[in-house]
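Read off the chains here:
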Amino acid sequence: MFNQSAVRLRAGEKTDRGGNTVPDWSNPASLTITGLNIQPNGQSEDVDEQRDLSVTGYRVQSAEGTAPDIVATDRIEWNGDLFEVDGEVARWPDLFTDAVHHIEFVIKRATG
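Residues numbered from 1 in each chain as written. Predicted model: local features only at pLDDT ≥ 70, side-chain atom pairs only at ≥ 80, totals over all residues. Heavy atoms only, no water.

Student: Let's hear about the packing of aromatic side chains: which residues, and what values?
Tutor: This structure, assessed with the given rule, holds three aromatic pairs. The interplanar angle of 70 degrees and the centroid separation of 4.9 Å between the aromatic rings of Tyr58 and Trp78 together place this pair among those described as edge-to-face. Separated by 20 residues along the polypeptide, Tyr58 in strand β3 (residues 52-62) and Trp78 in strand β4 (residues 75-78) bring together distant segments of the chain. According to the relative accessible area criterion, Tyr58 is buried, its value standing at 18%. Pairing Tyr58 with Phe83 gives two aromatic rings, centres 5.6 Å apart and planes at 90 degrees, and the pair type is edge-to-face. A residue pair is termed long-range when its members are at least 10 positions apart, and Tyr58 in strand β3 and Phe83 in strand β5 (residues 81-93) qualify at 25 residues. Here the aromatic residues Tyr58, Trp78 and Phe83 are joined through ring pairs into a cluster of three or more. (Phe/Tyr/Trp six-rings, centres within 6.5 Å; stacked < 30°, edge-to-face > 60°. Helix = DSSP H or I, 4+ residues; strand = E, 2+ residues; numbered from the N terminus. Buried < 20%, exposed > 50% of the residue type's maximum accessible area, 1.4 Å probe, protein only.)

This is the structure in structure tokens:
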């Protein structure tokens, strides 16, 4: 059930013209995450005169006893597509210890 993998992309930082620290996606750090279960979570389509917008989402769950380093600002490459983490990463506690049992999060991709 946890036989899928994905690549986590994390932005570096740079300073903009106003002196603010902002994400720098020009050369993101990558890390391959294994032991994942990635399942469809929902999709929607919005059509108007300007464009056809399609949003596709997946729920990602890590294997029991794992807590991959993924945060809300990361991006995920999976199945040949680039997704953004949608919302916070839930860290589920183990019932009998203070350790993390597994994590869950949603990824979304918009096209159009």
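Student: Please set out unusual backbone geometry residue by residue, giving values where relevant.
Tutor: Unlike most non-glycine residues, Asn79 shows phi in positive territory, near 55 degrees. By the secondary structure assignment, Asn79 is in the loop between β4 and β5.

Student: So, the nonpolar core: which residues are in play, and what are the values?
Tutor: Judged by nonpolar contacts, the single largest core of 15 residues is most densely connected at Ile38, Ile70, Ile76, Trp78, Val85, Phe105 and Ile107. Of all the elements in the fold, those that place two or more residues in this core are β2 (21-47), β3, β4, β5 and β6 (100-111). The contact partners of Phe105, leaving out residues within four places of it in the chain, are Tyr58, Arg59, Val60, Ile70, Ile76, Val85, Glu88 and Val89. (Core = buried A, V, L, I, M, F, W, Y, C linked by side-chain atoms within 4.5 Å. Contact = heavy atoms within 4.5 Å.)

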